[in-house]
Amino acid sequence: MHSTGPRTRRQHALLVELEELFLAEGFSAFTLDDLAAKLRCSKTTLYALAPSKEQLSAKVVAHFFKGAAERIEARVAGIDDAATAVRTYLAGVSAELDRASAVFMADVASFEPARAVYAFNSEAAARRIRQFIADGVEQGVFRDDHADAIAEMAGILVESIQSGVVGARAGTTDAEAFDALAELLLGGLRRDAPG
(Lines give C-alpha, C1' and ligand atoms only; values in the text may rest on other atoms or scores of the structure.)
Protein backbone atom coordinates (compact mmCIF):
# COMPACT_ATOMS: atom_id res chain seq x y z
CA MET A 1 0.00 0.00 0.00
CA HIS A 2 2.43 2.63 -1.17
CA SER A 3 1.09 6.14 -1.49
CA THR A 4 1.90 7.87 -4.76
CA GLY A 5 -0.19 10.98 -4.18
CA PRO A 6 0.64 14.00 -2.06
CA ARG A 7 1.82 13.26 1.46
CA THR A 8 -0.43 13.88 4.42
CA ARG A 9 0.78 16.12 7.23
CA ARG A 10 1.41 13.02 9.33
CA GLN A 11 3.49 11.43 6.55
CA HIS A 12 5.52 14.61 6.15
CA ALA A 13 6.06 14.76 9.92
CA LEU A 14 7.19 11.11 9.90
CA LEU A 15 9.66 11.81 7.09
CA VAL A 16 11.12 14.67 9.13
CA GLU A 17 11.33 12.45 12.24
CA LEU A 18 12.93 9.65 10.22
CA GLU A 19 15.43 12.10 8.74
CA GLU A 20 16.48 13.31 12.20
CA LEU A 21 16.71 9.73 13.48
CA PHE A 22 18.73 8.57 10.47
CA LEU A 23 21.07 11.58 10.62
CA ALA A 24 21.78 10.79 14.28
CA GLU A 25 21.89 6.99 14.23
CA GLY A 26 22.12 5.85 10.62
CA PHE A 27 19.57 3.55 9.04
CA SER A 28 21.06 0.18 8.15
CA ALA A 29 20.73 -1.36 11.62
CA PHE A 30 17.02 -0.55 11.98
CA THR A 31 14.19 -2.88 11.06
CA LEU A 32 10.73 -1.58 10.20
CA ASP A 33 9.61 -2.85 13.62
CA ASP A 34 12.37 -0.77 15.26
CA LEU A 35 11.36 2.30 13.30
CA ALA A 36 7.66 1.87 14.06
CA ALA A 37 8.46 1.56 17.77
CA LYS A 38 10.77 4.60 17.80
CA LEU A 39 8.25 6.73 15.91
CA ARG A 40 5.26 5.35 17.82
CA CYS A 41 3.42 4.40 14.66
CA SER A 42 2.39 1.20 12.92
CA LYS A 43 4.35 -0.56 10.22
CA THR A 44 1.33 0.06 7.98
CA THR A 45 1.94 3.80 8.43
CA LEU A 46 5.55 3.31 7.33
CA TYR A 47 4.44 1.16 4.38
CA ALA A 48 2.28 4.09 3.29
CA LEU A 49 5.55 6.01 2.82
CA ALA A 50 7.42 3.21 1.03
CA PRO A 51 6.82 -0.49 0.34
CA SER A 52 10.06 -1.71 1.97
CA LYS A 53 12.67 -0.68 4.51
CA GLU A 54 15.22 -0.22 1.72
CA GLN A 55 12.91 2.05 -0.26
CA LEU A 56 12.01 3.94 2.92
CA SER A 57 15.71 4.46 3.66
CA ALA A 58 16.32 5.72 0.12
CA LYS A 59 13.30 8.05 0.37
CA VAL A 60 14.49 9.53 3.68
CA VAL A 61 18.04 10.03 2.38
CA ALA A 62 16.64 11.73 -0.75
CA HIS A 63 14.44 13.90 1.50
CA PHE A 64 17.50 15.00 3.47
CA PHE A 65 19.59 15.86 0.41
CA LYS A 66 16.69 17.62 -1.36
CA GLY A 67 16.02 19.73 1.73
CA ALA A 68 19.73 20.42 2.16
CA ALA A 69 20.02 21.58 -1.48
CA GLU A 70 17.02 23.88 -1.05
CA ARG A 71 18.43 25.38 2.17
CA ILE A 72 21.86 25.89 0.59
CA GLU A 73 20.36 27.56 -2.47
CA ALA A 74 18.31 29.83 -0.20
CA ARG A 75 21.54 30.90 1.50
CA VAL A 76 23.11 32.05 -1.78
CA ALA A 77 19.96 33.53 -3.31
CA GLY A 78 20.53 37.20 -4.05
CA ILE A 79 24.30 37.10 -3.47
CA ASP A 80 25.92 38.78 -6.43
CA ASP A 81 29.58 38.68 -5.40
CA ALA A 82 31.04 35.36 -6.58
CA ALA A 83 33.58 35.05 -3.76
CA THR A 84 30.84 35.53 -1.17
CA ALA A 85 28.65 33.07 -3.07
CA VAL A 86 31.39 30.40 -3.06
CA ARG A 87 32.07 30.91 0.65
CA THR A 88 28.35 30.92 1.54
CA TYR A 89 27.54 27.93 -0.67
CA LEU A 90 30.35 25.75 0.67
CA ALA A 91 29.62 26.84 4.26
CA GLY A 92 26.05 25.73 3.62
CA VAL A 93 27.19 22.35 2.32
CA SER A 94 29.43 21.97 5.35
CA ALA A 95 26.63 22.93 7.77
CA GLU A 96 24.20 20.46 6.21
CA LEU A 97 26.72 17.61 6.25
CA ASP A 98 27.72 18.51 9.80
CA ARG A 99 24.20 17.43 10.84
CA ALA A 100 24.99 13.90 9.66
CA SER A 101 26.62 11.43 12.03
CA ALA A 102 29.51 9.25 10.96
CA VAL A 103 27.21 6.21 11.05
CA PHE A 104 24.73 7.93 8.70
CA MET A 105 27.50 8.77 6.24
CA ALA A 106 28.82 5.19 6.44
CA ASP A 107 25.31 3.86 5.77
CA VAL A 108 24.95 6.20 2.79
CA ALA A 109 28.30 5.01 1.42
CA SER A 110 27.37 1.34 1.77
CA PHE A 111 23.82 1.52 0.35
CA GLU A 112 23.81 2.04 -3.44
CA PRO A 113 20.52 3.98 -3.73
CA ALA A 114 21.61 6.38 -0.98
CA ARG A 115 25.12 6.66 -2.42
CA ALA A 116 23.58 7.53 -5.80
CA VAL A 117 21.52 10.33 -4.22
CA TYR A 118 24.64 11.75 -2.55
CA ALA A 119 26.58 11.48 -5.82
CA PHE A 120 23.79 13.26 -7.74
CA ASN A 121 23.82 16.10 -5.20
CA SER A 122 27.61 16.29 -5.28
CA GLU A 123 27.55 16.60 -9.07
CA ALA A 124 25.04 19.45 -8.73
CA ALA A 125 27.31 21.12 -6.16
CA ALA A 126 30.30 20.81 -8.51
CA ARG A 127 28.26 22.45 -11.30
CA ARG A 128 27.29 25.32 -8.98
CA ILE A 129 30.90 25.87 -7.94
CA ARG A 130 32.00 25.90 -11.59
CA GLN A 131 29.31 28.53 -12.28
CA PHE A 132 30.39 30.65 -9.30
CA ILE A 133 33.97 30.53 -10.57
CA ALA A 134 32.90 31.56 -14.08
CA ASP A 135 30.82 34.38 -12.57
CA GLY A 136 33.80 35.49 -10.46
CA VAL A 137 36.06 35.66 -13.48
CA GLU A 138 33.43 37.67 -15.35
CA GLN A 139 33.04 40.02 -12.37
CA GLY A 140 36.80 40.47 -12.11
CA VAL A 141 36.77 39.06 -8.57
CA PHE A 142 38.66 35.89 -9.57
CA ARG A 143 41.76 35.60 -11.71
CA ASP A 144 41.21 34.24 -15.19
CA ASP A 145 44.53 32.35 -15.08
CA HIS A 146 43.61 28.67 -15.15
CA ALA A 147 40.07 29.37 -13.89
CA ASP A 148 38.62 26.61 -16.06
CA ALA A 149 41.18 24.11 -14.76
CA ILE A 150 40.53 25.22 -11.16
CA ALA A 151 36.78 24.81 -11.70
CA GLU A 152 37.32 21.28 -13.02
CA MET A 153 39.65 20.43 -10.14
CA ALA A 154 37.04 21.75 -7.70
CA GLY A 155 34.54 19.37 -9.30
CA ILE A 156 36.96 16.47 -8.91
CA LEU A 157 37.53 17.41 -5.26
CA VAL A 158 33.77 17.50 -4.62
CA GLU A 159 33.50 14.01 -6.14
CA SER A 160 36.45 12.84 -4.02
CA ILE A 161 34.82 14.21 -0.88
CA GLN A 162 31.52 12.50 -1.75
CA SER A 163 33.17 9.17 -2.55
CA GLY A 164 34.95 9.16 0.81
CA VAL A 165 38.48 9.40 -0.58
CA VAL A 166 39.29 12.75 1.03
CA GLY A 167 37.87 11.78 4.41
CA ALA A 168 39.71 8.46 4.45
CA ARG A 169 43.05 9.95 3.45
CA ALA A 170 42.85 13.17 5.48
CA GLY A 171 40.91 11.87 8.47
CA THR A 172 38.23 14.54 8.08
CA THR A 173 34.48 14.58 7.90
CA ASP A 174 32.83 15.63 4.65
CA ALA A 175 31.76 18.86 6.37
CA GLU A 176 35.38 19.65 7.29
CA ALA A 177 36.51 18.80 3.76
CA PHE A 178 34.03 21.27 2.26
CA ASP A 179 35.29 23.98 4.64
CA ALA A 180 38.83 23.25 3.46
CA LEU A 181 37.71 23.35 -0.18
CA ALA A 182 36.29 26.85 0.37
CA GLU A 183 39.61 28.03 1.83
CA LEU A 184 41.55 26.45 -1.02
CA LEU A 185 39.35 27.90 -3.76
CA LEU A 186 39.11 31.39 -2.35
CA GLY A 187 42.80 31.53 -1.52
CA GLY A 188 43.76 30.45 -5.02
CA LEU A 189 41.18 32.29 -7.09
CA ARG A 190 41.00 35.77 -5.61
CA ARG A 191 42.48 38.40 -7.83
CA ASP A 192 44.48 39.73 -4.91
CA ALA A 193 45.90 36.28 -4.06
CA PRO A 194 49.61 35.76 -4.72
CA GLY A 195 49.99 34.15 -8.08
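Above this text you will find the structure in question.
Calculation notes
- Residues numbered from 1 in each chain as written.
- Predicted model: local features only at pLDDT ≥ 70, side-chain atom pairs only at ≥ 80, totals over all residues.
- Heavy atoms only, no water.
- Helix = DSSP H or I, 4+ residues; strand = E, 2+ residues; numbered from the N terminus.
- Buried < 20%, exposed > 50% of the residue type's maximum accessible area, 1.4 Å probe, protein only.
- Contact = heavy atoms within 4.5 Å.
- Areas by Shrake-Rupley, 256 points an atom, 1.4 Å probe, with all protein chains shown as cover.
- Lys, Arg positive; Asp, Glu negative; His and termini not counted.
- Charge placed at Lys NZ, Arg CZ, Asp CG, Glu CD.
- Salt bridge = Lys/Arg side-chain N within 4 Å of Asp/Glu carboxyl O.
- Expected span 1.5 Å × (residues − 1).

Things to note about the overall build of the protein chain
Within the protein chain, the secondary structure is distributed over ten helices and zero strands. Counting helices and strands in the order they occur from the N terminus, the protein chain gives α-α-α-α-α-α-α-α-α-α. Counting every position in the protein chain, which comprises 195 residues, the buried fraction comes to 44%. A separation threshold of at least 6 residues defines the contact pool for the protein chain, and within that pool the share at least 24 residues apart is 70%. Counting only carbon and sulfur atoms, one obtains 55% of the accessible surface of the protein chain, whose full area is about 10,100 Å². Each charge class in the protein chain can be summarised by its mean position, and for the 21 positive and 28 negative side chains these summaries are 6 Å apart.

Describing the pattern of salt bridges
Considering all chains together, one arrives at eleven salt bridges under this definition. The structure contains a network of salt bridges with shared partners spanning Glu19, Glu20, Arg71, Glu96 and Arg99.

Topic: helix 1 (residues 9-25)
With 17 residues, helix 1 extends 24 Å from end C-alpha to end C-alpha; this agrees with the ideal 24 Å at 1.5 Å per step. Against the buried residues of helix 1 lie helix 2 (32-39), helix 3 (43-49), helix 4 (53-76) and helix 6 (102-110). After helix 1 finishes, the residue Gly26 shows a positive phi value of roughly 80°.

Observations concerning the environment of Gly26
Along the polypeptide, Gly26 turns up in the loop between helix 1 and helix 2. For the pair Gly26 and Ala106, spaced 80 residues apart in sequence, the C-alpha to C-alpha distance is 7.9 Å.

Some thoughts on the environment of Glu17
Here Glu17 is to be found in helix 1. The exposure class of Glu17 is partly exposed, given its relative accessible area of 34%. C-alpha separation for the pair Glu17 and Val60, spaced 43 residues apart in sequence, amounts to 9.6 Å. Excluding its chain neighbours within four sequence positions, the residues that come into contact with Glu17 are Arg10 and Leu39.

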